[in-house]
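Observations on the model geometry
Spelled out from the first residue to the last, the chains are:
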Amino acid sequence: PVPGTPSAGDIESNDPYAHLPPDTARFLKFAERHRTVLNQILRQSTIPLSEGQFAVLVNHTRLLDFDVKRRYFRQELEQLDEGLRREDLVIHIRRDSVFEDSYRELYRRSPEEMKANLYVTFDGEEGQDAGGLLREWYLIIAREMFNPNYALFKTTPGDRVTYMPNPSSHINPEHLTYFKFVGRIIAKAIYDNKLLDCYFTRSFYKHILSKPVRYTDMESEDYSFYQGMVYLLDHDINEVGIELTFTTEIEEFGKTELRDLKPKGREIPVTESNKREYVQLACQMKMTGSVRSQIKSFLEGFYEVIPK
């Protein structure tokens, strides 16, 4: 179905559990009414969520509080790597080239090596890493990922705080291998339960989680573009007084390029009957199509450390 107005499927039915077995539906409705108590019980439980009497919630995590979800995630990681012997991995970094040296040290490591206990030493500095140097390294590497000189990410027009893959990253000939490396580093930080000072768009997080993006995700990515799409959906296109075709404008290197949203798109007018398809395709191009290779490389690296 094409996203658009309520009939396009963006709004859940009155009974979101109607498709489930009656017993499961009754339990989930009960859990929804008593969510606070349920989450408190789960916090105190010593049994992994996926193995206990509340295992059905694994497929309905919206009923879980964030800390309960995080605990479940950590349990799953531990079970996944049960029996894995985590060796120590020491990397040697120069402070004036943290990103390049980290890339050189880690890019060709196996997925198993990426799960090792990581220790950082900075060249020319004495002392062993008792955790402080690793935290500092994560802080620096997170900042360097967004260094404009690498052209990997750019801030969103909406808030200038969250980041999205840069459609023009191919100006850097190493951009795809760097994206794979960044995917590994972010997954490594999650695996090690370390905080990274970086914020991505909602659509990028959805790509990591393999969830479909919707046109509403554009609101936090490019608010003015999103408002234009909403206006188009809310008004009869015949009364709007604008002529559109199945194309969208993509800006690269300061120049605006017109791209077809489907074969021969510039020859297909947008009408009242096909405008929802146009909105879907235009938003898909902005959030996915224009950065497909970058996302693919990032996810390759990410899933090597944390499986899909």
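In what follows, the structure referred to is the one given above.
Note that the structure is predicted; figures quoted are calculated from it, not measured. (Residues numbered from 1 in each chain as written. Predicted model: local features only at pLDDT ≥ 70, side-chain atom pairs only at ≥ 80, totals over all residues. Heavy atoms only, no water.)

1. Focus on the overall build of the protein
Put simply, the test is: Secondary structure follows DSSP: runs of H or I at least 4 residues long count as helices, runs of E at least 2 residues long count as strands, and numbering of each begins at the N terminus. Only protein chains enter the calculation, and the probe is 1.4 Å; a residue is then buried if its accessible area is under 20% of its type maximum, exposed if over 50%, and partly exposed in between. Residues count as neighbours in contact if any of their non-hydrogen atoms are within 4.5 Å of one another. In this description, accessible areas are obtained by the Shrake-Rupley approach with a 1.4 Å probe, and a residue is regarded as covered only by the protein chains that are shown.
When helices and strands are counted, the protein shows 12 helices and 6 strands. Once the C-alpha set of the protein is aligned to its principal axes, its extents read approximately 70 × 55 × 30 Å. Every one of the 308 residues in the protein was classed for burial, and the buried ones make up 44%. For the protein, the share of sequence-separated contacts (at least 6 apart) that also reach a separation of at least 24 residues comes to 66%. Roughly 17,700 Å² of accessible area belongs to the protein as shown, and the carbon and sulfur atoms make up 51% of that amount.

2. What to know about the pattern of salt bridges
For clarity, the cut-off: In the sections that follow, a salt bridge refers to a side-chain nitrogen of Lys or Arg positioned within 4 Å of a carboxyl oxygen of Asp or Glu.
Per the stated rule, a full pass over the model turns up 22 salt bridges. Close ionic contact of R184 with E304 constitutes a salt bridge, the shortest N to O distance being 2.7 Å. Here the residue R184 occupies a position in helix α7 (residues 175–191), and E304 occupies one in helix α12 (residues 292–305), the gap between them amounting to 120 residues. Overall, the relative accessible area of 25% leaves E304 in the partly exposed class. One salt-bridge network, held together by shared partners, links R94, D101, R104, E105, R109 and E113.

3. Describing the packing of helix α6 (residues 132–145) against α7
As a reminder of what qualifies: All axes here are fitted lines through C-alpha atoms, helices being fitted over the stretch that makes contact, and every angle between N-to-C directions spans 0 to 180 degrees. Crossing handedness is read from the near helix: turned anticlockwise from the far helix by less than a right angle, it gives a left-handed crossing, and turned clockwise, a right-handed one. Each residue is assigned to one of three groups, with Ala, Val, Leu, Ile, Met, Phe, Trp, Tyr, Cys and Pro labelled nonpolar, Asp, Glu, Lys and Arg labelled charged, and all others, Gly among them, labelled polar.
Where α6 contacts α7, the axes come no closer than 11 Å and their chain directions differ by 145°. Our pair here, α6 against α7, has a crossing hand that is left-handed. Where α6 approaches α7, its residues W137, Y138, I141 and M145 are matched on the opposing element by V182, I185, I186, K188 and A189. For the contact of α6 with α7, the residue count by class is 8 nonpolar, no polar and 1 charged.

4. Topic: unusual backbone geometry
Even without a glycine there, the phi angle at A151 is positive, about 60°. With respect to the helices, strands and loops of the structure, A151 is situated in the loop between α6 and β3 (153–155). By relative accessible area, A151 is classed as buried at 11%.

5. Overview of the packing of aromatic side chains
Stated formally: Centres within 6.5 Å are what make two rings of Phe, Tyr or Trp a pair, Trp counting through its six-membered ring; a difference in plane orientation under 30 degrees is then read as stacked, over 60 as edge-to-face, and the rest as tilted.
Under the criterion given, the structure shown has 23 aromatic pairs. On the numbers, 6.1 Å between centres and 20° between planes, the contact of F27 with F54 is stacked. Of this pair, F27 sits in helix α1 (residues 22–33) while F54 sits in the loop between α2 (35–44) and α3 (66–80), and the two are 27 residues apart along the sequence. Overall, F27 belongs to the partly exposed group, its relative accessible area being 23%.

6. Some points on the environment of H207
With respect to the helices and strands, the residue H207 is situated in helix α8 (residues 202–208). Residues within four places of H207 in sequence aside, it is in contact with V213, M287, T288, I295, L299 and Y303.

7. Details of the nonpolar core
Rules: Throughout this description, the term nonpolar core refers to a set of buried Ala, Val, Leu, Ile, Met, Phe, Trp, Tyr and Cys residues connected via side-chain atoms within 4.5 Å.
With 49 residues, the main nonpolar core has F99, L106, W137, F153 and F298 as its most contacted residues. Going through the elements one at a time, β1 (88–93), α4 (98–106), β2 (117–122), α6, α7, α8 and α12 are the ones with two or more residues in this core. Examining the composition of this core, we find that 9 residues originate from one element, α7, more than from any other. The contacts of F99, once residues within four sequence positions are left out, are I141, E144, M145, Y150, L152, Y178, F181 and V182. Among the nonpolar cores identified, the runner-up in size contains 20 residues, and V213, F246, Y278 and V279 belong to it.

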